[in-house]
Amino acid sequence: MENKLNSIEVMLDNHHVHLRQETVEKLFGEGYVLPQKKYLGGGEYISTETIDVTGPKGTISGIRVMGPNRPFDQAELLQSDALKLGVNAPIVESGHLENACELTLVGPKASVTLKCGIVAARHVHICTKDLARIGVRNMQTVSITSGGIRSVTFHNVIVRENTVSDVNVIHMDFEEGNAAGVKNGDILELEF
């Protein structure tokens, strides 16, 4: 991977949920504020809280709640989670919940049933200054290749402009990363 400009750092995502404040209060109690466990950058953080997620065929316990609150409720599942829960979760960009599957979110104070389940589409955050230099634009799809013995090319990776930092990073879920033999911090190569 010779061209540093085309080098993309890997960030693997596990299943997690994003919640509106109204839903946080239903699940955890009135006025509840999600405590921060680990800051991720760009205002995003991992909360100390977890919830259970239930579908027609089962429950997955201990799914991490992310902060800060979002303007929508969203459970980002792995494909294997969808199978375990017995749901058909669409593979879409975060926030595109029109066809989200119905799930029950269970907290310590209550549960809520919402159409909020998706499998997040893989995407790459490219900093504003590098978009033109690399020759790609926001919302374009590109391919990104891993190296090593299990080398894989990921197609249909959505470009998102990163206006918060100078880091270029691909977000994919653990199942995709494991299939390619990559881990957090590995460097992949952008192709276009």
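Thresholds applied
- Residues numbered from 1 in each chain as written.
- Predicted model: local features only at pLDDT ≥ 70, side-chain atom pairs only at ≥ 80, totals over all residues.
- Heavy atoms only, no water.
- Helix = DSSP H or I, 4+ residues; strand = E, 2+ residues; numbered from the N terminus.
- Rg over C-alpha atoms; globule rule 2.2 N^0.38 Å.
- Buried < 20%, exposed > 50% of the residue type's maximum accessible area, 1.4 Å probe, protein only.
- Contact = heavy atoms within 4.5 Å.
- Areas by Shrake-Rupley, 256 points an atom, 1.4 Å probe, with all protein chains shown as cover.
- Lys, Arg positive; Asp, Glu negative; His and termini not counted.
- Charge placed at Lys NZ, Arg CZ, Asp CG, Glu CD.
- Core = buried A, V, L, I, M, F, W, Y, C linked by side-chain atoms within 4.5 Å.
- Salt bridge = Lys/Arg side-chain N within 4 Å of Asp/Glu carboxyl O.
- Phe/Tyr/Trp six-rings, centres within 6.5 Å; stacked < 30°, edge-to-face > 60°.

A. Inspection of the overall build of the chain at higher detail. The secondary structure content of the chain amounts to four helices and 14 strands. Taken over the C-alpha trace, the chain has a radius of gyration of 17 Å; the compact-globule value for 192 residues is 16 Å, and the two agree within 12%. Overall size of the chain, expressed as C-alpha extent along the three principal axes, is 55 × 30 × 30 Å. Counting the 192 residues in the chain, one finds 45% classified as buried. Within the chain, contacts between residues at least 6 apart in sequence are counted, and of these 65% link residues at least 24 apart. Total accessible area computed for the chain in this model is approximately 9,700 Å², and 50% of it derives from carbon and sulfur atoms. Across the chain, the mean location of the 18 positive side-chain charges is 2 Å away from that of the 24 negative side-chain charges.

B. Molecular detail of the nonpolar core. Among the nonpolar cores identified, the biggest contains 24 residues, and Val17, Ile51, Val53, Leu103 and Leu105 are the most heavily contacted of them. Among the elements of the structure, helix H1 (21–28), strand E4 (44–55), strand E5 (58–67), helix H2 (79–85), strand E8 (101–106) and strand E9 (111–120) are those that each provide at least two residues to this core. Setting aside residues up to four positions removed in sequence, Ile51 forms contacts with Val17, Leu27, Phe28, Ile60, Ser61, Gly62, Ile63, Val65, Leu105, Val106 and Gly107.

C. Main features of the pattern of salt bridges. In the structure shown here, the tally under the stated rule is eight salt bridges. The salt bridge partner of Arg20 is Asp73, with a shortest N-O separation of 2.9 Å. With Arg20 in the loop between strand E2 (16–18) and H1 and Asp73 in the loop between E5 and strand E6 (74–76), the pair connects residues that are 53 residues apart, well separated along the chain. Accessibility expressed as a relative area gives 25% for Arg20, which makes it partly exposed. Among the ionic pairs, Glu93 bridges to Arg160, the shortest N-O distance being 3.7 Å.

D. Representation of the packing of aromatic side chains within the structure. For the coordinates displayed, the defined rule picks out one aromatic pair. Relative to Tyr32, the ring of Phe28 has its centre 5.2 Å away and its plane inclined at 20 degrees; by these criteria the two rings are stacked. On the accessibility criterion, Phe28 (6% relative accessible area) is buried. Given the relative accessible area of 23%, Tyr32 is considered partly exposed.

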